[in-house]
Each structure stands twice: as C-alpha cells, then as structure tokens.
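The chain contents come next:
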Amino acid sequence: MELGMVGLGRMGANMTRRLMRRGHRLVVYDREPTAVQQLQNEGASGAASLRDLVERLARPRIVWLMLPAGEVTEDTIAELRLLLQAGDMIVDGGNTYFEDDLRRWHELQRFGIDYVDVGVSGGVWGLERGYCLMVGGEKSAVARLEPILRDLAPGSQAAPRTPGRTGEPQPCELGYLHCGPVGAGHFVKMVHNGIEYALMEAYAEGVDLLQAAAQSQPQRDWCYHFDIPAILELWRRGSVVGSWLLDLAATATHKDPQLQRFSGQVPDSGEGRWTVQTAVQLGTAIPALATALFARFRSRRGNSYGEKLLSALREQFGGHREQSATSTASA
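This structure is a prediction, so every number in the text was calculated from the model and none was measured.

Engineer: So, the overall build of the protein: which residues are in play, and what are the values?
Structural biologist: Helix and strand content of the protein: 15 helices and eight strands. The globule rule puts the C-alpha radius of gyration for 331 residues at 20 Å, and the 22 Å found for the protein is close to it. Across the 331 residues of the protein, 48% fall into the buried class. Residue pairs in contact within the protein that sit at least 24 positions apart in sequence constitute 68% of those at least 6 positions apart.

Engineer: Any details on helix H14 (residues 305-318)? Residues and values, ideally.
Structural biologist: In this model, H14 (14 residues) spans 20 Å end to end at C-alpha, consistent with the 20 Å of a helix rising 1.5 Å per residue. When you tally the buried positions in H14, you get 13 out of 14 residues, the bulk of the element.

Engineer: Before we move on, could you go through the environment of Leu 19 and cite the residues and values that matter?
Structural biologist: Along the chain, Leu 19 falls in helix H1 (residues 10-21). Accessibility expressed as a relative area gives 0% for Leu 19, which makes it buried. With 18 residues separating them in the primary sequence, Leu 19 and Met 1 have C-alpha atoms 9.3 Å apart.

Engineer: So what's going on with the environment of Arg 59? Residues and values would help.
Structural biologist: Take Arg 59: it is sitting in the loop between helix H3 (50-56) and strand S4 (62-65). It is 73 Å that separates the C-alpha atoms of Arg 59 and Gln 217, two residues lying 158 residues apart in sequence. Excluding residues that lie within four positions of it along the chain, Arg 59 makes contacts with Gln 85, Ala 86 and Asp 88. Of note is the side chain of Arg 59, whose polar atom sits 3.1 Å from the side chain of Gln 85. Polar contacts involving the side chain of Arg 59 include one to the main-chain carbonyl oxygen of Ala 86, which spans 3.3 Å.

Engineer: Any chance you could break down the sheet that holds strand S1 (residues 2-6) for me, citing the residues and the numbers?
Structural biologist: Read across the sheet, eight strands follow the order S3-S2-S1-S4-S5-S6-S7-S8 without closing on themselves; strand pairing throughout is mixed. The open sheet terminates on both sides in strands that have one partner only, identified here as strand S3 (45-46) and strand S8 (176-180). Bridging between strand S5 (residues 89-92) and strand S6 (residues 114-121) involves four bridges; their strand directions are parallel. Bridging across to S6, Met 89 finds its partner in Asp 114.

Engineer: Go over the side chain of Asp 30 with me, naming the residues and quoting the values.
Structural biologist: Assignment of secondary structure puts Asp 30 in the loop between strand S2 (25-29) and helix H2 (33-41). Buried within the structure, Asp 30 lacks any salt-bridge partner; Arg 31 is the closest side chain of opposite charge, at an N-O distance of 7.3 Å. In terms of polar contacts, Asp 30 uses its side chain to reach the backbone amide nitrogen of Glu 32, at 2.7 Å. Ignoring sequence-local partners within four residues, the contact set of Asp 30 consists of Gly 7, Leu 8, Gly 9, Ala 35 and Val 36.

Engineer: Residue-level account of a nonpolar patch on the surface, with values.
Structural biologist: Judged by side-chain polarity, Val 191, Ile 195 and Leu 199 come together as a nonpolar surface patch covering roughly 220 Å² of accessible area. Following the sequence through the fold, Ile 195 ends up in helix H9 (residues 184-212). A residue is classified by how much of its surface remains accessible, and Ile 195, at 41% relative accessible area, is partly exposed.

Engineer: Could you give an account of the packing of H9 against helix H12 (residues 270-282), naming the residues involved and the relevant values?
Structural biologist: For any two helices packed against each other, one specifies the inter-axial angle together with the distance between the axes. In the contact formed by H9 and H12, the axes pass within 8 Å of each other and the chain directions differ by 110 degrees. In terms of their interaxial angle, H9 and H12 are classed as roughly perpendicular. Of H12, the residues touching H9 (which contributes Phe 187, Lys 189, Met 190, Val 191, Asn 193, Gly 194 and Tyr 197) are Glu 271, Gly 272, Trp 274, Thr 275, Thr 278 and Leu 282.

Engineer: An account of the packing of aromatic side chains is needed here, citing residue identities and associated values.
Structural biologist: With the rule as written, the count across this model stands at seven aromatic pairs. Geometrically, the ring pair formed by Trp 125 and Trp 244 is edge-to-face, given 6.3 Å between the ring centres and 85 degrees between the ring planes. With Trp 125 in the loop between S6 and helix H6 (126-129) and Trp 244 in helix H11 (residues 244-255), this pair connects stretches of sequence that are 119 residues apart. The exposure class of Trp 125 is partly exposed, given its relative accessible area of 37%.

Rules of the game
- Per chain, residues are indexed from 1 in the order of the written sequence.
- pLDDT decides what is reported in this predicted model: residues at 70 or higher carry local features, side-chain atom pairs at 80 or more are listed and counted, and totals for whole chains, interfaces and linings draw on all residues regardless.
- To obtain the side-chain values, all non-hydrogen atoms of the structure were used and water was disregarded.
- Only runs of H or I of at least four residues qualify as helices and only runs of E of at least two qualify as strands under DSSP, and these elements are numbered from the N terminus.
- The size measure is the radius of gyration over C-alpha atoms, and the globule rule it meets is 2.2 Å times the number of residues to the 0.38 power.
- Relative accessibility thresholds used throughout: buried, under 20% of the residue-type maximum; exposed, over 50%; partly exposed, between the two (1.4 Å probe, protein chains only).
- In what follows, residue pairs with any heavy atoms lying within 4.5 Å of each other are defined as contacts.
- How far a helix is expected to stretch is found by multiplying one less than its residue total by 1.5 Å.
- Definition of a polar contact: a pair of N or O atoms within 3.5 Å, with one able to donate and the other able to accept a hydrogen when the atoms are protein atoms, and with sequence-neighbouring residues admitted only if both atoms are side-chain atoms.
- DSSP calls a pair of strands paired once it identifies at least 2 bridges connecting them.
- Positive charge is attributed to Lys and Arg, negative charge to Asp and Glu, and no charge count is given to His or to the chain ends.
- Criterion for a salt bridge: a side-chain nitrogen of Lys or Arg within 4 Å of a carboxyl oxygen of Asp or Glu.
- Patch membership requires over 30% relative accessible area and the absence of a salt bridge. Like charges are linked within 9 Å, and nonpolar side chains (Val, Leu, Ile, Met, Phe, Trp, Tyr) within 5 Å.
- Using a 1.4 Å probe, accessible areas were evaluated by the Shrake-Rupley method; residue-level cover was limited to the displayed protein chains.
- Note on definitions: angles span 0 to 180 degrees between N-to-C directions of axes, and those axes are lines fitted to C-alpha atoms, for helices only across the stretch in contact.
- The scheme is simple: roughly parallel for angles under 35 degrees, roughly antiparallel for over 145, roughly perpendicular for 65 to 115, oblique for anything else.
- Only centres within 6.5 Å qualify two rings of Phe, Tyr or Trp (six-membered ring in Trp) as a pair; their planes then separate them into stacked at under 30 degrees, edge-to-face at over 60, and tilted for everything else.

By themselves, these figures tell us nothing about what the structure is for.
This is the structure:
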C-alpha cells in the first residue's frame, strides 16, 4: 500500500521503516528537513511540505500523523482538510484526547474525508518488536487501513497463545484491534497509559522500600543492604510480577545501579490526566492509577531512588530523555 507519514520523531520514523521493510511505499514529511532526508536515503519519498506530500500520493490517499497532541496536530489536520478530497483518510496515531477525535470526525465528515484514531504503543522498540495498535473509526475506514495495521503490529509470535483460543488468530492476537467507533482507539490507549503509570509506580515504590531497609535505627535489630539490580533480575524469572517493564528496569539498573544519570523528576503526559478526569466523569474508582499520576506531580519536589527508576524506565521504553541529576542541580 501507499501511505503518507507526517511526523518523523522516535515513533514515526521507525514506523515508516517497518512499513517499508514490508513492501509499502511511504511518502514522508516533517518540519525538520534532515529527518525527511534520512528516510529518503533509506527509500522513502520525501516531501517538502504537506501540499507536496498530498500531491505525491495517489487517490484515495491515506495520511498518518505521528505528532504531539495539541496545537501542532490541530493545525496539521486543518491544513490537510483543505488539501485532501472526499474519499481520502486522515489517521491520528498520536496521543490525542478521544473527545478531540469526535470533534474532528464530525468536521471532516462534511468534506467526505475519513478519520481513524489509533493509539500506538511500542516506543523505540517497535521497529523490531512491532506496535500494539488500538483503533477507533468506522468499519469501512478501518478495513481499508488493515494491511497497514497488520504490518505495523507484532504478529501472533509476540506472545504465547491464550489457552482456549483456537482457529485462525484474531486481530487482537496479532497486536491490533478495532476497538469501536471514532475515539474508541484513543480511549483504550488513554486507559492503557494510566495502567502503565500505575505499574511503573508500583515498581518504583517497591525499590524505594528495598533501599530503605538499609537504614539502621536503634529501635530495631535488623538492617538489610539489598542488591537492587540483582533482585530485579531475580524477579524476571518465575515471578508473578514479571513484565516487559520489569525487564527494562533490570536493564537500567544493571547499567547504572545508582541511577545517577537521572534526576527523578518525572513528567506526565496528557493520557494520565485524561484517564483520571474521565474516571471522575464516569464515577469510576481508579485509586491506583490516580495515585500514580499524583506521585509524578510530587516527584518534581525532591526525588527518591524509585522516582529515578521511573525516569530510567521512560528512557528505556520510549527514549524519553531528562536532564541528569548534576545538570538539574546546577541549573
């Protein structure tokens, strides 16, 4: 298939590479010309502008956006609305609030332009591992996009088959799923990221407690100096708390046992806040997810070892960088 990719950051560039490896033709655009040139050198067709990208695509066109949520995505969709024609499609693969998807879909419908929202998880590892894709949109639009989704997804080999599932693997077993109408994909991704916050926070609090056991106090007769990297490595083998995040935690602490490169000041992206806000609207209790979000707020006022682990995990799975503790202290 032919696809236009707009936004060639950590995710967009590697998604482009994965699709090209599977025989798709990619036309790419980014505000940074060097990002376009790099992928052009690897076989993509580079565009100098959104208009150029649209003109290079055969109708009916599909333009996939991998841009930060907010103004840049809104502006890009507004410009594309003037360039595209009825029957073309816009796919938003960024982390967008699901209610924004609904607003855009209603607007684009007036012009006959399809709109599909895709929550993408996979981070910097997705090029090789594949991307978990949570999709929202009309059935006909999603069906048209399916060859792209299938080749971006990890495939059935990514995990052992769940006992009881038989026959041909379903899309969810391949790593992508049409979750429902427009907005549903980003709703599921929002909840996914809220859970991610809570899982990371649980590991962070656990290692803080392990580290605190080394504090000697007169009123107790025990003091333990735990090898935290070794314990995380141990838990990867046969423990019920095993996960890919635990794998990444073991990698980060093995490389830097004291996590000295990290300040522990942990940012939060929109999804964590949207998860809590939506839970309030629906009257649904999510105490673990909410606490994990609030812990990130607190991390900006002095930091523990566990919060440094949160920063290390964000770098491991998503390539998210922060200033080193030294740089932060001297700033």
